Amino acid sequence: MSFASLRRFFLGSSVVHGPVAAISKHQLQRPEGPRKFLLARPSQGPTGPRPLVILLHGFGASAAQLLGQSFPPSPLAHWLEIAEREQCLVAAPEGSGHSWNDAFADARVNAKTDDCGFIGALIDELIAAHGVDAARVYVMGVSKGGMMAFRVATELAPKLAAFSAVLASMPLNSQCAPPQTPISALLIASSTDPLVRYGGGNFLKNRRQAGAMLGIEASALVWRQLAGLTGDAVSHEFPHRQAKDKTRATRWIWGKDPQQLQVSLIRIDRGGHAEPSPTRRYPRWINWLTGAQNADFETAELGWEFFKDKRAAFVGPGPN
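Trainee: Before we move on, could you go through unusual backbone geometry and cite the residues and values that matter?
Mentor: Following F71, the chain continues to P72 via a peptide bond in cis, the omega torsion being -5 degrees. With respect to the helices and strands, P72 occurs in the loop between α2 (63-66) and α3 (79-86). We note that Q87 has phi near 60 degrees; this positive angle belongs to a residue other than glycine. Residue position: Q87 is located in the loop between α3 and β5 (89-93). Positioned with a positive phi, L167 is a non-glycine residue whose angle comes to about 55 degrees. Mapped onto the fold, L167 is located in the loop between β7 (162-166) and β8 (184-190).

Trainee: Talk me through the side chain of Q262; I want residue IDs and the actual numbers.
Mentor: With respect to the secondary-structure elements, Q262 resides in the loop between β10 (248-254) and β11 (263-269). At a separation of 2.7 Å, a polar atom in the side chain of Q262 contacts the side chain of K310. If near-sequence neighbours (up to four positions away) are discounted, Q262 is found in contact with S184, A185, L229, I253, W254, G255, K256, D257, F306 and K310.

Trainee: Now, about the sheet that holds β8: what can you tell me, with residues and values included?
Mentor: Here 10 strands make up an open sheet; going across it, the order is β2-β3-β5-β4-β6-β7-β8-β11-β10-β9 and the pairing mixed. Taken across any chain shown, the strands that pair with only one partner, and hence form the sheet edges, are β2 (22-30) and β9 (234-237). Each adjacent strand pair in this sheet contributes to an overall mean axis angle of 20 degrees, direction not counted. When β7 meets β8, the two strands line up parallel, connected through five bridges. The residue bridging V166 from the neighbouring strand is I188, located in β8.

Trainee: Describe the nonpolar core, and please don't skip the residues or the numbers.
Mentor: As a rule of thumb, nonpolar side chains are buried together in soluble globular proteins. Counting residues in each nonpolar core, the largest one holds 49 residues, and the members touching the most others are I119, F163 and W223. Per-element tally for this core: the top contributor is helix α4 (residues 115-130), with seven residues. Here I119 is in contact with I54, L56, W100, M148, V152 and L156, once residues within four sequence places are set aside. Core analysis: the second largest hydrophobic core is formed by 36 residues, L38, L66, L186 and F238 among them.

Trainee: Hey, could you go over a nonpolar patch on the surface for me, with residue numbers and the actual values?
Mentor: Taken together, the side chains of F10, L11, F71, W285, W288 and L289 define a hydrophobic patch exposed on the protein surface, amounting to about 700 Å² of accessible area. With three residues, the single largest contributor to the nonpolar patch is helix α7 (residues 284-290). Its place among the elements puts L289 in helix α7. Under the relative-accessibility criterion, L289 is labelled exposed at 59%.

Trainee: I'd like a rundown of the pattern of salt bridges, residues and numbers included.
Mentor: In this structure the tally under the stated criterion is 11 salt bridges. The residue R267 makes a salt bridge to D269 at a minimum N-O spacing of 3.0 Å. According to the relative accessible area criterion, R267 is partly exposed, its value standing at 22%. When salt bridges that share partners are traced, they join E32, R35 and D115 into one network.

Trainee: I'd love a proper account of helix α5 (residues 144-155), names of residues and values included.
Mentor: With 12 residues, α5 extends 17 Å from end C-alpha to end C-alpha; this agrees with the ideal 16 Å at 1.5 Å per step. Listing the buried residues of α5 in full gives K144, G145, G146, M147, M148, A149, F150, R151, V152, A153 and T154. Buried-residue contacts for α5 involve β4 (50-56), α4, β6 (132-142), β7, β8 and α6 (216-227).

About the criteria used
Residues numbered from 1 in each chain as written. Predicted model: local features only at pLDDT ≥ 70, side-chain atom pairs only at ≥ 80, totals over all residues. Heavy atoms only, no water. Helix = DSSP H or I, 4+ residues; strand = E, 2+ residues; numbered from the N terminus. Polar contact = N/O pair within 3.5 Å; in protein donor to acceptor, adjacent residues only side chain to side chain. Contact = heavy atoms within 4.5 Å. Pairing = 2+ DSSP bridges. Axes fitted to C-alpha atoms, helices over the stretch in contact; angles between N-to-C directions. Core = buried A, V, L, I, M, F, W, Y, C linked by side-chain atoms within 4.5 Å. Buried < 20%, exposed > 50% of the residue type's maximum accessible area, 1.4 Å probe, protein only. Patch = residues over 30% accessible without salt bridge, like charges linked within 9 Å, V, L, I, M, F, W, Y side chains within 5 Å. Areas by Shrake-Rupley, 256 points an atom, 1.4 Å probe, with all protein chains shown as cover. Salt bridge = Lys/Arg side-chain N within 4 Å of Asp/Glu carboxyl O. Expected span 1.5 Å × (residues − 1).

Have a look at this one:
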């Protein structure tokens, strides 16, 4: 085995194709104490209000890992290239104890902090102090962060233009009320994810981090019904990039106009608990534990494609 192969096996790989936004450390005072977040800003000065993308890390991870500053390589670190190219801000808040209070009533190790309040206050702060366009605020979370994204979309919908939950599902037993405000949603999930059951329920080995789940298609249906998108979807199978990759990716979109409400579901068949990416590849030993990583699209780029034309229906302070 070559050195390059050994490196990919143990460390994975990360390829950056363009300039990236610079990262700085910040904190926000909250009733539970100071809450930390990272902020990525493009090198050029502001020419007007900018979009904001809030990224939520998974269980046991961190804002630094999510933005590619620590091991293992994170596919969502590609957002740094998007931020520089598209002149948007990217914020990565830090969860409490490397987790989130995501409303799963039967999760054993859920954080107890007011994370929706923190994220709502963070949005307000970045609008006030960093020139964020209040009509163009988006949230994307992965794994436990994706579960938190569902709660944020449920409780802070007036502050958001769209959200994305990656490798995550809604709780079957929730601590909060069902969503009431329609909002565009992008769901990315794997049919054979060993940690998030596609059809709902839970896995015994993952019960500490997440309780019983509603299921991916059932979660998509919640947001479709709320948006009145109950008709047929437009489907598309992504071109396959790597012959050795046994996974396949298919996208369904409800809602024809990208400037209006849409719900989209991307399903990775034979995929595992890994965000699709051709440029940020998890170590192979991690793939053995969590399943195969698809390489047919860049998760962050699909997120930006879905987000960029959407605007919040209501712009105002909203709830904290």
